[in-house]
Amino acid sequence: MNHLKKLRGQRSLTAMLVLACLCLTGLVIWRASARPEDEPKPLSPGQMKTILRSGVREGLGREVTFAKPNASAKEARDSVESMADFIHARSGVELSVKTKERLAHLEHETLNGKRERISVDSLVDAVTETGLERAASMTDQEIEHAADTLHEGGSNGGHVLLRASGKGFMKRDAFIENAKNIRNEIPQSRADSAVRLMATSVVAAEVKDRVQVFSDALPEQFGDASTKGLTPVQASVVVYSVASDDLLMGSRENLQRQINRENKELKGAGKAKVPRSGKAYGVDGDRYSTPLDLVTDERTMGSLFDRIDERTRRGAK
Amino acid sequence: MKTSQTQSRTARINLLLGLGVLFLAIAGCITPTCDVCRGYRPGATYNLTYPPGDANAVGSAVADSQGCLHYPRPDSTGNCGSVKATLAGLGFFFLSPSPFDFQAPASTITVMGDSIDATYGPPKVVIMQSGAFVAQPTVTAVSGDGTWVQASTPDLTYMYTGTYDVEVSAMDEYGSYYVLSYATMEVVNNDPPPPPDPVEGDPDPCRFDGRDWYCY
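These figures come from a predicted structure and were not determined experimentally.

(A) The pattern of salt bridges, seen in detail. Residues and elements named next belong to chain A. Enumeration over the complete set of coordinates arrives at 32 salt bridges over all chains. Of the charged contacts, one joins Asp85 and Arg252 as a salt bridge, the two residues approaching to 3.5 Å between their closest N and O atoms. In this pair, Asp85 is assigned in helix α3 (residues 73-91) and Arg252 in helix α12 (residues 252-268), connecting sequence segments 167 residues apart. For Asp85, a relative accessible area of 39% puts it in the partly exposed group. Overall, the relative accessible area of 28% leaves Arg252 in the partly exposed class. Among the salt bridges present, the one from Asp209 reaches Arg210, with a minimum N-O distance of 3.4 Å. Of the two residues, Asp209 and Arg210, both sit in the buried class. Several salt bridges share partner residues, and in doing so they unite Arg102, Glu109, Arg115, Asp306, Asp309 and Arg313 into one network.

Shown next as structure tokens:
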């Protein structure tokens, strides 16, 4: 009887929470509907798609060489080198020799049919598990470093921004406190815990968005990603794109010109970003700063590749 | 049987509760956002102007792949409409066709961008390589909404396989041109001529300047 009463109480609370969520969502939509009239004319969905496609073709499409099926070991290595060079030019991240060798080996085996491609869902799982494992092992100094790196960049010094588009604006102190709480909670959390479900849902949305963008822009390389899966190099490109929040648009020269001009204009408006690395993304990125160094270290990349390795072995399913 | 159904229902309710509490906890520490999907240029940085002294003011944000910005709601007005988003910098411009095939050249090239203003005169399109002038195609059409400019295919005589910059400029009210942005042009299927035979005894006799070989 008591149990039933408790259950009824929980139901009412759930209903109230759902109602609160709906009210908040409604409020946000209502607020967003009022727009200033002097903003530039909006682009049509077709124009946005064209810009995105052209940009990704000019950036990722031109600057990364993807090896073809039955590629030689050298072709797989060259593909990894072109990807590492591309990432370095945009974010300053330097992949270790060991990481590149492992990736080249996995790529070569995949392109020669010795292992499966990784499905998008499996990649989501691998990235979520690796991310949670890394978050659980973060030291206090690393959390401080993440907060410093995610600095908002404008006049509002005491805040962090979790995504380049402006999502996740929060006080630096609140970020640090939450990160420490989550870190401590992860090791005890079950597979269906709220933290893990939330993390999976966020990673899935980001990974699927990028796969869709790259499939539209580069059908020759990513066209069958949703049905046949990704090669390890393609998967690494997606992971970098999500982690750095870089849409991989524009050649390095074009991107550098954009950054220089943006910095000049933002400085003129009193919104200069400091410090700046001179690269668009990654730690102190001029366009958007992320603690990319915490996730591209040899250990974390090794964990990610272990998971890709497990999930792509022939007969692993 | 009944017990396991009740247990699974309780587990589901607990999960919902957990997610709800987590949502509220995050909503408590993350400032509510203005999720504005108003056809912003994907991947472009926008300069955000908040009401003066607003505690939630963010300097800039990058439009996502859906053309949306998600900046924090201003605390002074609570109204997303009081934040102005303007394109910072040039915004990427792109060329079509890309790559440009020398063996099957298109009759026109189109540069896509925005704010390509033709109010005071037609825009100018110049092709350069490493800062040096290569060609100036004639502008044949500009879109009414300023999102593209079309030009005749340039003189291809000296455009070998490689990457070129396409500079797009607009005319101001005084008749002077100012640079709007750049697109990248990739030319394929036109390898440069081979170098002349080396002169005996000279280790580095010839130099290619992108157009011709010069031998000393």
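Next comes the rest of the description.
(B) A look at the sheet that holds strand β2 (residues 45-49) of chain B. All names here are of chain B. Reading across the sheet, the 3 strands line up as β3-β2-β5 and stay open at both edges, with antiparallel pairing between neighbours. Every interior strand has two partners, whereas the edge strands, β3 (60-62) and β5 (84-87), have only one. On average, each strand axis in the sheet is tilted by 35 degrees relative to the strand beside it, whichever way the strands run.

(C) Here's a closer look at helix α5 (residues 120-136) of chain A. Along its 17 residues, α5 of chain A runs 24 Å from first to last C-alpha, staying within 8% of the 24 Å computed at 1.5 Å per residue. Every buried residue of α5 of chain A is listed here: Val120, Ser122, Leu123, Val124, Ala126, Val127, Thr128, Thr130, Leu132 and Arg134 of chain A.

(D) Looking closely at helix α13 (residues 298-312) of chain A. Residue and element names in this part refer to chain A. Taking 1.5 Å of rise per residue, 15 residues should cover 21 Å, and α13 covers 21 Å from first to last C-alpha, within 8% of that figure. Inspection of α13 places Thr300, Met301, Gly302, Ser303, Leu304, Phe305, Arg307, Ile308, Asp309 and Thr312 among the buried residues, and these make up the whole buried set. Taken together, the buried residues of α13 touch α4 (97-111), α5 and α11 (232-244).

So, how was this worked out
- Residues numbered from 1 in each chain as written.
- Chains lettered and ligands numbered in written order.
- Predicted model: local features only at pLDDT ≥ 70, side-chain atom pairs only at ≥ 80, totals over all residues.
- Heavy atoms only, no water.
- Salt bridge = Lys/Arg side-chain N within 4 Å of Asp/Glu carboxyl O.
- Helix = DSSP H or I, 4+ residues; strand = E, 2+ residues; numbered from the N terminus.
- Buried < 20%, exposed > 50% of the residue type's maximum accessible area, 1.4 Å probe, protein only.
- Pairing = 2+ DSSP bridges.
- Axes fitted to C-alpha atoms, helices over the stretch in contact; angles between N-to-C directions.
- Expected span 1.5 Å × (residues − 1).
- Contact = heavy atoms within 4.5 Å.

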